[in-house]
Amino acid sequence: MKKVLVPLLAALVVVLLGGLAYLFINLQEQKQVNEDMQELARLDKQEMENEYERFTLQYSEMKTKINNDSIIAQLTEEQMKTQRLLEELKKTKADDAREITRLKKELATVRAVLRDYVMQIDSLNRQNERLRAENTQVKEQLAEQNTQIQGLSSERATLSQKVAIAAQLDATNIQLAALKKNNKPAKKIKDAKTMQVSFTISRNVTAANGQRDVYVRIQNPGGNTLSGGGTFSYENRSLEYTMKKSVEYTGEETPMTLFWQVSQTLEAGDYRVSIFVDGNMIGSRTFSLN
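Participant: Account for the sheet that holds strand β6 (residues 243–249), with residues named and values stated.
Facilitator: Adjacent strands of a sheet pair through backbone hydrogen bonds, lying either parallel or antiparallel. Taken together, four strands build an open sheet; the order of strands is β6-β3-β8-β9 and the sheet is antiparallel. Only two strands of the sheet have a single neighbouring strand rather than two, namely β6 and β9 (280–289). Averaged over neighbouring strand pairs, the angle between their axes works out to 20° when direction is ignored.

Participant: Outline the environment of L176, listing residues and values.
Facilitator: By the secondary structure assignment, L176 is in strand β1 (residues 171–179). Since its relative accessible area comes to 10%, L176 is described here as buried. Separated by 23 residues in sequence, L176 and F199 place their C-alpha atoms 9.0 Å apart. Every residue in contact with L176, bar those within four places of it in the chain, is listed here: M195, Q196, V197, I218, Y271, V273, F287 and L289.

Participant: Residue-level account of the packing of aromatic side chains, with values.
Facilitator: Using the criterion set out here, one finds five aromatic pairs in the structure. Ring centres 4.8 Å apart and planes at 15° place the aromatic pair Y215 and F232 in the stacked group. Taken together, the residues span a long stretch of sequence, with Y215 in strand β3 (residues 210–219) and F232 in strand β4 (residues 230–234) at a distance of 17 residues. The class of Y215 is buried, set by a relative accessible area of 16%.

Participant: Describe the pattern of salt bridges, with residues and values.
Facilitator: Considering all chains together, one arrives at ten salt bridges under this definition. With a shortest N-O distance of 2.1 Å, R126 and D122 are connected by a salt bridge. Of the two residues, R126 and D122 both sit in helix α3 (residues 97–167), four residues apart, roughly one turn of that helix. Three or more residues joined by partner-sharing salt bridges are found here, namely E51, R54 and R111.

Participant: Which residues make up the nonpolar core, and what values go with them?
Facilitator: Nonpolar side chains tend toward joint burial in soluble globular proteins. Judged by nonpolar contacts, the single largest core of 31 residues is most densely connected at L176, M195, F199, V216, I218, V273 and I275. Those elements that place two or more of their residues in this core are β1, β2 (194–201), β3, β6, β7 (254–261), β8 (269–277) and β9. Listed in part, the 18 residues of the second largest apolar core include Y52, Y59, L103 and L107.

Participant: Explain unusual backbone geometry to me, and be specific about the residues and the numbers.
Facilitator: Of note, E235 is a non-glycine position whose phi angle comes to about 50°, a positive value. Summarising the element assignment, E235 is placed in the loop between β4 and β5 (237–241). Residue class for E235 comes out exposed when judged on its relative accessible area of 55%. Its identity as a non-glycine residue notwithstanding, N236 has a phi of 60°, on the positive side.

Cut-offs applied
- Residues numbered from 1 in each chain as written.
- Predicted model: local features only at pLDDT ≥ 70, side-chain atom pairs only at ≥ 80, totals over all residues.
- Heavy atoms only, no water.
- Pairing = 2+ DSSP bridges.
- Helix = DSSP H or I, 4+ residues; strand = E, 2+ residues; numbered from the N terminus.
- Axes fitted to C-alpha atoms, helices over the stretch in contact; angles between N-to-C directions.
- Buried < 20%, exposed > 50% of the residue type's maximum accessible area, 1.4 Å probe, protein only.
- Contact = heavy atoms within 4.5 Å.
- Phe/Tyr/Trp six-rings, centres within 6.5 Å; stacked < 30°, edge-to-face > 60°.
- Salt bridge = Lys/Arg side-chain N within 4 Å of Asp/Glu carboxyl O.
- Core = buried A, V, L, I, M, F, W, Y, C linked by side-chain atoms within 4.5 Å.

Structure (structure tokens):
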């Protein structure tokens, strides 16, 4: 009987030892698996924290690339939300599966929102670039038009000046005569009682028709004006005139004769006759009187 039990007990001990060895090995493997899973959970949590931090920085960068107060306010709000989730994640243990799962879903939402803002800001920046390009083009076109306008204004001013010059009247056939009391020519200037000036305003179809004031200025040999009692404006100064007469100018040749009654002793020598209309000297001639 004892001979039979000994082998059985030995076999049972071997089986028990084998089972214990198997359990030990199995527990070691399970422990390693648990450690590996915890390490994976820790690494996963660390990767999530890195993403949250990266998204927070991206919000800061995006705010520097846009000049829109409304969008900047939205970005700031999303950045604060992301920062808050990051703080929650840092306080969560790696083996808290439920909380980790929730924060992972929140991370996916943050990622999607961030992607939308990136696309929106990129679109706005492209629009701004296009608008800046269009603005530059408009400015260049405006500058070109201003140059053209300045050129046209210069041409117009030149043309107006030419027209004004062309419209100036011209006095021809200017004559000066010293007359005696009986209106016959005086042989000597000292016998003159009247000075007669005659001339013709030439035909000019460019000049405007209408009433004109004609001023005649006679200067004696000393350069003094034979006084007529009045002045007129010429080249921003007042000049004394000898005679004045109004005439209706029609654009055709207009002969004129004016008389000045001698009121002072006249001396022999050169007398200069100048004729003015519309602020312009339209004719001048010098006469020698004995």
